[in-house]
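Close look at the chain arrangement
Listed below, chain by chain, are the residues.
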Amino acid sequence: MITLTVNGSVIDLAAPDDKPLLWALREDLGILGAKYGCGVAQCGACRVLVDGRSSPSCAISLGEVAGASVITAEGLAGADGALSVVQRAWIDEQVPQCGFCQPGFLVAATALLARVPSPTDADIDEAITNICRCGTYPRIRRAIHRASAMLAEG
Ligand code: FES
Ligand code: FES
């Protein structure tokens, strides 16, 4: 039995220690925001926050997150359903195309802005290594700058 917190709820999971977190989220918990892309920690489609750090859930075992707080794209909104600043900026900039990669980008951008509230383009390039086959990168960059400005305004 592994205990962890997912999107604010404490969960006891009867699953093997070596099961990838991504599979546990999708199969055991029915939380489908994090996507399977490459399976080898390269594309970012599966990214979630683990104790605040943007992390590839395909390459992290359940055993490694025992006792940790995991937040998926679904958990970025407030308990009252209010969208986060990053989510609102994504809508304002009409970022998604097919949408498959976007939960991972939202997570990565959230982690970046928590660490670097006013990121430069270079900061974004260094921190956001996710892959988008639709090529939404220019809109993602604009959305991150917009979210940064919204955060600065309070
Ligand atoms: S599926 Fe995890 S990084 Fe690609
Ligand atoms: S929006 Fe289609 S892969 Fe990124």
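I will try to describe carefully the structure that is included in this document. (Residues numbered from 1 in each chain as written. Chains lettered and ligands numbered in written order. Predicted model: local features only at pLDDT ≥ 70, side-chain atom pairs only at ≥ 80, totals over all residues. Heavy atoms only, no water.)

As for the sheet that holds strand S5 (residues 69–71)
In a beta sheet, neighbouring strands pair by backbone hydrogen bonds and run either parallel or antiparallel. Rules: Paired strands are those between which DSSP finds at least two bridges. Under the DSSP-based scheme used, a helix requires at least four consecutive residues in state H or I and a strand at least two consecutive residues in state E, with every element numbered from the N terminus. Only C-alpha atoms enter the line fits that serve as axes; for helices the fit covers just the stretch in contact. Angles between N-to-C directions range over 0 to 180 degrees. In this description, contact between two residues means that some pair of their heavy atoms is separated by no more than 4.5 Å.
In space, the five strands of this open sheet follow the order S2-S1-S5-S3-S4, with mixed pairing throughout. Of all strands in the sheet, those bounded by a partner on one side alone are strand S2 (9–13) and strand S4 (53–56). Taking the axes of each pair of neighbouring strands and ignoring which way they run, one obtains an average angle of 40 degrees across the sheet. Direction of pairing for strand S3 (residues 47–50) relative to S4: antiparallel, over a ladder of four bridges. Each residue of the ladder has a partner; that of Val48, found in S4, is Ser55. Relative to the sheet, helix H1 (residues 21–28) contacts strand S1 (2–6), S2, S3 and S5, its axis offset from that of S3 by approximately 100 degrees. Along the sheet, helix H3 (residues 102–115) makes contact with S3 and S4, crossing S3 at roughly 35 degrees.

Let's talk about the pattern of salt bridges
Applicable threshold: Only one rule defines a salt bridge in this text: a Lys or Arg side-chain nitrogen within 4 Å of an Asp or Glu carboxyl oxygen. Here the term buried applies to any residue with accessible area under 20% of the maximum for its type, exposed to any over 50%, and partly exposed to those in between, with areas from a 1.4 Å probe on protein chains only.
The final tally for this structure, using the stated rule, is seven salt bridges. Here Arg146 and Asp92 are joined by a salt bridge, their closest N and O atoms 3.5 Å apart. Of this pair, Arg146 sits in helix H5 (residues 137–153) while Asp92 sits in helix H2 (residues 85–92), placing them 54 residues apart in sequence. Given the relative accessible area of 33%, Arg146 is considered partly exposed. The partner of Glu93 in a salt bridge is Arg142, with the nearest N and O atoms 3.2 Å apart. Placement of Glu93 in the loop between H2 and H3 and of Arg142 in helix H5 is noted, with a sequence separation of 49 residues between them. The class of Arg142 is partly exposed, set by a relative accessible area of 42%. A single network of salt bridges, built from pairs that share partners, joins Asp92, Glu93, Arg142 and Arg146.

With respect to H3
Applied cut-off: To estimate the expected span of a helix, subtract one from its residue number and multiply by 1.5 Å.
The terminal C-alpha atoms of H3, which comprises 14 residues, lie 20 Å apart, in line with the 20 Å expected from a rise of 1.5 Å per residue. Along H3, the residues that are buried comprise Gln102, Pro103, Gly104, Phe105, Leu106, Val107, Ala108, Ala109, Ala111, Leu112 and Leu113.

Observations concerning the packing of aromatic side chains
Convention followed: Each Phe, Tyr or Trp ring (for Trp, its six-membered ring) is paired with any other whose centre lies within 6.5 Å, and the angle between the two planes then decides the class: stacked below 30 degrees, edge-to-face above 60, tilted in between.
Counted by the stated rule, this structure contains two aromatic pairs. Judged by centre distance (5.4 Å) and plane angle (75 degrees), the ring pair of Trp23 and Tyr36 falls under edge-to-face. Here Trp23, found in helix H1, pairs with Tyr36, found in the loop between H1 and S3; they are 13 residues apart in sequence, far enough to count as distant. Each ring, one from Phe105 and one from Tyr137, has its centre 6.2 Å from the other, and the planes form 70 degrees; the classification is edge-to-face.

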